[in-house]
Amino acid sequence: MQNNNLVKILAPYTKDNLWVVLTSDKTKVIGKGTTLKEALGDAKKANSNNAIVMKAIPDSSGFIL
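Conventions used here
Residues numbered from 1 in each chain as written. Predicted model: local features only at pLDDT ≥ 70, side-chain atom pairs only at ≥ 80, totals over all residues. Heavy atoms only, no water. Patch = residues over 30% accessible without salt bridge, like charges linked within 9 Å, V, L, I, M, F, W, Y side chains within 5 Å. Areas by Shrake-Rupley, 256 points an atom, 1.4 Å probe, with all protein chains shown as cover. Salt bridge = Lys/Arg side-chain N within 4 Å of Asp/Glu carboxyl O. Helix = DSSP H or I, 4+ residues; strand = E, 2+ residues; numbered from the N terminus. Buried < 20%, exposed > 50% of the residue type's maximum accessible area, 1.4 Å probe, protein only.

> Explain a nonpolar patch on the surface here, please?
Judged by side-chain polarity, L36, L40 and V53 come together as a nonpolar surface patch covering roughly 210 Å² of accessible area. By the element assignment, V53 lies in strand β3 (residues 52-55).

> Looking at this model, I keep getting lost on the pattern of salt bridges. Mind explaining?
Between side chains of opposite charge, a pair can form when the charged atoms approach closely. Taken as a whole and judged by the stated rule, the model has one salt bridge. Note that D42 is salt-bridged to K45, the shortest N-O span being 3.7 Å. Judged by its relative accessible area of 24%, D42 falls in the partly exposed class.

> Whenever I open this one, the environment of W19 confuses me. Can you help?
For W19, the location among the structural elements is in strand β1 (residues 19-22). Residue W19 is classed as partly exposed on the basis of its relative accessible area of 25%.

This is the structure in structure tokens:
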């Protein structure tokens, strides 16, 4: 099982509690927004399949998948 620590990737988005969309390999944020709809719209431009959507919250203890 692969350990994916997302703390560094999500750090810029936690201050504002943004929704983020990650690539399926969890290496890059391809969308962000204050609402889920906004984040998904932003990510749609990247044409990425199997994206991962999550809320970037200040308590980053859960950012290990």
